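# Inside the fold
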Amino acid sequence: MKRLERLAKAKSSGQLLIVAALAIAILIATTTAYVYEVSKEKPATTQSYPAADFILAIKQGTRNAVISALANASNGGEKTVLASNLNRLAQTYRSLNAYGLYYLSYTALNDSHYMDGVWLSWEDTDGLGVSSAYANFTLKFYGLTEKTMLSYTINITTAIRLEGYFTPNGSGKIVNLTCQVFNEGKPALAKNITVYYEVDGSWVPANSSNSLSITDYGNGVYAISFMTSADSGAVQVSVHVHDLRGIFVKANVTCNQF
Amino acid sequence: MRKQRRGQIRIIEAFLAVLIIFSSLAISASLTTEHKTVESSDLASVGLQTLTKLDSDGSLGAYIDNGDWSGLRETLSLLLPEGVIFNLTVYDDEMRQINTEAIANGELNGQEVASIKYVCVSQNPNFKCYVVQLRLAVVK
């Protein structure tokens, strides 16, 4: 009898091994699956970036809107274009509803220089020309977990500084100018430069017939020279510049004999 | 003879047991690897930073203004990390799609997708505002 029991025990111990192995396997698999499910992140079907990134993107958008407005106003558009652009932009952000609610408000600067946030100073004869736009912004952000209010200023300025003189050349004159271009106070490149000089009260464009030469030094400095047969005395020169953003600016300078 | 056979069966059973345990370990390991791939989704942040960078000098708006969809696709391919599939759609401010061809470098099939909406303002003197939707996924 005992022998029979021992035999049966011996026969079933292999099956027990497999059952135990299966149990261990199931235990490992279920533990791993549980850990996986618990630690799995929610599907990123919506935005999961920090609000700071999006606020930076909004600042970038407002900056571009101010550049667009200044490019428009400096090329003959209305100064009210800044307000109009910013209203449309604020409306677009309100309707976006991405990651939270965004309320963008602005105040265009009005002072002795700026009107409706735009300042165009082109008529001085001291060689300085300025096209500028200035607005203060307040951004209120209502996210799912946070509220943020941020105030910032956008000031876009394209300026040129002109210096020049002339040297007599036979019956004519050779005019030499240095033109420096700035964006927000830093050296910047020009998309195109047009030079005019005054003859009998009207502006005449300088071109190849005047041996016009413009040398780009690549650092925002341009050397300009041309010949004119204008009569004796100082030469009034006007330089018109479009920067790479399409913003127009001009400056006038009186060139005296060197 | 019978005892010998019983011994062989034990060995086979032991092998089976080892096989079962190891296969469960292998399955668990593969689950963990897949998890790691999916987890790499601060993709939305990467995508938003890429668009902001591209927009910082007005390039993004210029591509859209000019309808240069292939240029935009190539630039995004260069700026986004390797192994990321993107699909970009451009809408006007009334949410009408304006890109006339696909701006994508692959199909987004079954992957976990990060979606970003970005407002792009063109530096063009004629004010134009676009809503750019960028969808990103990691290649499996």
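Let us look at the overall build of chain A. If you tally the helices and strands in chain A, you get 3 helices and 12 strands. When the 258 residues of chain A are sorted by exposure, 41% land in the buried category. For chain A, long-range pairs separated by at least 24 residues make up 62% of all intrachain contacts whose partners lie at least 6 apart in sequence. Within the structure as shown, chain A displays about 13700 Å² of accessible surface, and the carbon and sulfur contribution to it stands at 55%.

Looking now at the sheet that holds strand β3 (residues 114-121) of chain B. Residues and elements named next belong to chain B. As summarised here, the arrangement of the 4 strands in space is β2-β1-β4-β3, forming an open sheet in which the pairing is antiparallel. Strands with a single pairing partner mark the edges of an open sheet, and in this sheet they are β2 (103-104) and β3. Two strands pair when backbone bridges link them, and strand β1 (residues 84-92) and β2 are joined in this way by 2 bridges, in the antiparallel orientation. Residue pairing in the sheet places Leu88 in a bridge with Ile103 of β2. This element, helix α4 (residues 69-79), spans β1 and β2 of the sheet and lies at about 140° to β1.

It is worth spelling out the packing of helix α2 (residues 43-55) of chain B against α4 of chain B at this point. Residues and elements named next belong to chain B. Where α2 meets α4, the closest approach of the two axes is 11 Å, and the angle between their N-to-C directions is 125°. With respect to α4, the element α2 is oriented oblique. Where α2 crosses over α4, the two elements pack in a sense that is right-handed. Note on element contacts: α4 touches α2 through Leu72, Thr75, Leu76 and Leu79, opposite Thr50, Leu51 and Leu54. The residue inventory of the contact of α2 with α4, partitioned by class, reads 5 nonpolar, 2 polar and no charged.

This next bit is on the packing of aromatic side chains. Residues and elements named next belong to chain A. Across all of its chains, the model carries 9 aromatic pairs over all chains by this definition. Ring pairs connect the aromatic residues Phe54, Tyr102 and Phe141, which therefore count as one cluster. Between the NZ or CZ atom of Lys59 and the centre of the ring of Tyr152, over which it lies, the distance is 5.2 Å. Looking at Lys173, its charged tip hangs above the ring of Phe166, at a distance of 4.7 Å from the centre.

Here we come to the nonpolar core. Counting 63 residues, the largest nonpolar core has Leu89 and Leu104 of chain A together with Leu51, Ile64, Leu72 and Leu88 of chain B as the members making the most contacts within it. The element contributing the most residues to this core is helix α2 (residues 51-74) of chain A, with 12 residues. With residues near it in sequence (within four places) discarded, Leu88 of chain B still touches Leu51, Leu72, Leu76, Asn99, Ile103, Val132, Gln133 and Leu134 of chain B. Core analysis: the next-biggest nonpolar cluster, separate from the first, contains 26 residues, Cys179, Tyr197, Ala206 and Val241 of chain A among them.

Residues and elements named next belong to chain A. With respect to the element layout, Pro168 can be found in strand β4 (residues 147-169). Separated by 85 residues in sequence, Pro168 and Ala83 place their C-alpha atoms 50 Å apart. Residues contacting Pro168, with those up to four places away along its chain left out, are Lys173 and Gln257.

Here we come to the domain arrangement of chain A. All names here are of chain A. Under the domain assignment, chain A is made up of domain 1 (2-110 + 136-148) and domain 2 (160-257). Counting residues at the interface gives 6 residues for domain 1, matched by 6 residues for domain 2. Contact with domain 2 buries surface across domain 1, with Ile67, Ser74 and Asn75 losing the most and accounting together for 65% of the total. Our enumeration of links across domain 1 and domain 2 arrives at 1 salt bridge.

This brings us to the pairing of β1 of chain B. Residue and element names in this part refer to chain B. Across the 9 residues that make up β1, a large majority, 8, are buried. Examined bridge by bridge, β1 and strand β4 (residues 129-138) share 9 bridges and lie antiparallel to one another. In the sheet register, Thr89 faces β4, and the bridge partner there is Gln133.

This part takes up the pattern of salt bridges. Residue and element names in this part refer to chain A. Throughout the structure, instances matching the rule amount to 8 salt bridges over all chains. Ionic pairing is found between Arg245 and Glu184, a salt bridge with its closest N-O pair at 2.9 Å. Placement of Arg245 in the loop between β11 (235-243) and β12 (248-257) and of Glu184 in the loop between β5 (172-183) and β6 (186-187) is noted, with a sequence separation of 61 residues between them. Note that Arg245 and Asp243 form a salt bridge whose closest N and O atoms lie 3.3 Å from each other. As far as burial versus exposure is concerned, Arg245 and Asp243 are alike and both buried. One network of salt bridges, in which partners are shared, links Arg63, Glu184, Asp243 and Arg245.

Conventions we followed
Residues numbered from 1 in each chain as written. Chains lettered and ligands numbered in written order. Predicted model: local features only at pLDDT ≥ 70, side-chain atom pairs only at ≥ 80, totals over all residues. Heavy atoms only, no water. Helix = DSSP H or I, 4+ residues; strand = E, 2+ residues; numbered from the N terminus. Buried < 20%, exposed > 50% of the residue type's maximum accessible area, 1.4 Å probe, protein only. Contact = heavy atoms within 4.5 Å. Areas by Shrake-Rupley, 256 points an atom, 1.4 Å probe, with all protein chains shown as cover. Pairing = 2+ DSSP bridges. Axes fitted to C-alpha atoms, helices over the stretch in contact; angles between N-to-C directions. Parallel < 35°, antiparallel > 145°, perpendicular 65-115°, else oblique. Left-handed = near helix turned anticlockwise from the far one by under 90°. Nonpolar A, V, L, I, M, F, W, Y, C, P; charged D, E, K, R; others polar. Phe/Tyr/Trp six-rings, centres within 6.5 Å; stacked < 30°, edge-to-face > 60°. Lys NZ or Arg CZ within 6 Å of the ring centre and 35° of its normal. Core = buried A, V, L, I, M, F, W, Y, C linked by side-chain atoms within 4.5 Å. Domains from an automatic or database assignment. Buried area = accessible area lost by both parts, 1.4 Å probe. Salt bridge = Lys/Arg side-chain N within 4 Å of Asp/Glu carboxyl O.

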